[in-house]
Amino acid sequence: AQSVTQLGSHVSVSEGALVLLRCNYSSSVPPYLFWYVQYPNQGLQLLLKYTSAATLVKGINGFEAEFKKSETSFHLTKPSAHMSDAAEYFCAVSAYSGNTPLVFGKGTRLSVIA
Amino acid sequence: KAGVTQTPRYLIKTRGQQVTLSCSPISGHRSVSWYQQTPGQGLQFLFEYFSETQRNKGNFPGRFSGRQFSNSRSEMNVSTLELGDSALYLCASSADKNYGYTFGSGTRLTVV
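Residues numbered from 1 in each chain as written. Chains lettered and ligands numbered in written order. Predicted model: local features only at pLDDT ≥ 70, side-chain atom pairs only at ≥ 80, totals over all residues. Heavy atoms only, no water.

K.L.:
Help me out: how do you make sense of the interface of chain A and chain B in this one?
P.N.:
It is common to report an interface's size as the accessible area lost on association of the parts. Contacts between the two partners involve 23 residues from chain A and, on the opposite side, 21 residues from chain B. Regarding the contact of chain A and chain B, the summed buried area is about 1,700 Å², with carbon and sulfur atoms giving 51% of it. Connecting chain A to chain B are zero salt bridges. Taken together, the links from chain A to chain B amount to five residue pairs in polar contact (both at pLDDT 80 or more). Every element with two or more residues in the side of chain A that touches chain B is listed here: strand 4 (31–38), strand 5 (44–50) and strand 9 (87–95) of chain A. A total of four residues in the side of chain A that touches chain B trace back to one element, the largest contributor, which is strand 4 of chain A. Residues of the side of chain A that touches chain B, tallied by class, amount to 11 nonpolar, 10 polar and two charged. (Contact = heavy atoms within 4.5 Å. Buried area = accessible area lost by both parts, 1.4 Å probe. Salt bridge = Lys/Arg side-chain N within 4 Å of Asp/Glu carboxyl O. Polar contact = N/O pair within 3.5 Å; in protein donor to acceptor, adjacent residues only side chain to side chain. Helix = DSSP H or I, 4+ residues; strand = E, 2+ residues; numbered from the N terminus. Nonpolar A, V, L, I, M, F, W, Y, C, P; charged D, E, K, R; others polar.)

Here you go:
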């Protein structure tokens, strides 16, 4: 079974500072990994995905994530935070093979301070 | 390209009633998944339908049910509503998990 742990339910950064949101996964088989963002009263928007190609994945809005198998991690980063990045971020995992559903972490709320 | 459409956006129901939520996936997507989102439990998987068949089911009571039609549109039904069913219900469609899942804006259900 797959599971995801997001370290830190709330992260606060200054505008222009590095954003680092942590995600560790547990999966008995090679996984697909995703990062989603949710703005208030909206659905989830896909930021980026890892599907066993390049380990460094670039997404929308300047975000990227690196798949590290040895650390079972898929941390999300952005070099310079913008006020518009304030939102809830979710890491999710699904098994590479089979028809298993997407399993989400608890989410990390990102605040950006001016 | 139209996104995933969920209707209605907001719903208020009384305990004991039943409710039906609708989801229209992106054209060509045959997989539709439903999630319940609450502040306490986060995003929990309800079920997934693929080509009109339930392919996966989460750990929810039988009061929660769903179906998918031949045009891939999906509905979920909750019977005998409880206060704890108040949540944001999200629908996601996918052509293949390799491409990710596209979510709708959700239906906010409030049970009073």
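K.L.:
Explanation requested: the nonpolar core in the structure shown.
P.N.:
The tendency in soluble globular proteins is for nonpolar side chains to be buried side by side. Ranked by internal contacts, the top residues of the largest apolar core, which has 26 residues, are Trp-35, Leu-48, Phe-74, Leu-76 and Tyr-89 of chain A. Of all the elements in the fold, those that place two or more residues in this core are strand 2 (10–14), strand 3 (19–26), strand 4, strand 5, strand 7 (64–68), strand 8 (73–78), strand 9 and strand 11 (108–113) of chain A. (Core = buried A, V, L, I, M, F, W, Y, C linked by side-chain atoms within 4.5 Å. Buried < 20%, exposed > 50% of the residue type's maximum accessible area, 1.4 Å probe, protein only.)

K.L.:
For this particular structure, what's the right way to read the pattern of salt bridges?
P.N.:
In a structure, side chains of opposite charge can pair up when their charged atoms sit close to one another. Residue and element names in this part refer to chain B. Applying the stated criterion across every chain yields a total of seven salt bridges over all chains. Here Arg-63 makes a salt bridge to Glu-82, at a shortest N to O gap of 3.6 Å. Highlighted residues: Arg-63 in the loop between strand 6 (53–57) and strand 7 (64–68) and Glu-82 in the loop between strand 8 (74–78) and strand 9 (87–94), separated in sequence by 19 residues. Here Glu-75 ties to Arg-73 by a salt bridge, and the two come within 3.3 Å at their closest N and O atoms.

K.L.:
Help me out: how do you make sense of the sheet that holds strand 7 of chain A in this one?
P.N.:
Strands belonging to one sheet form pairs held by backbone hydrogen bonds; the direction of such a pair is parallel or antiparallel. Residues and elements named next belong to chain A. Spatial strand order, 1-3-8-7-6: five strands in an open sheet with antiparallel pairing. What marks the edges here is a single partner per strand, and that holds for strand 1 (3–7) and strand 6 (56–58). With direction set aside, neighbouring strand axes in the sheet form an average angle of 20 degrees. Of the pairings in the sheet, the one linking strand 1 to strand 3 comprises five bridges and is antiparallel in character. Across the sheet, residue Thr-5 finds its bridge partner in strand 3, namely Asn-24. (Pairing = 2+ DSSP bridges. Axes fitted to C-alpha atoms, helices over the stretch in contact; angles between N-to-C directions.)

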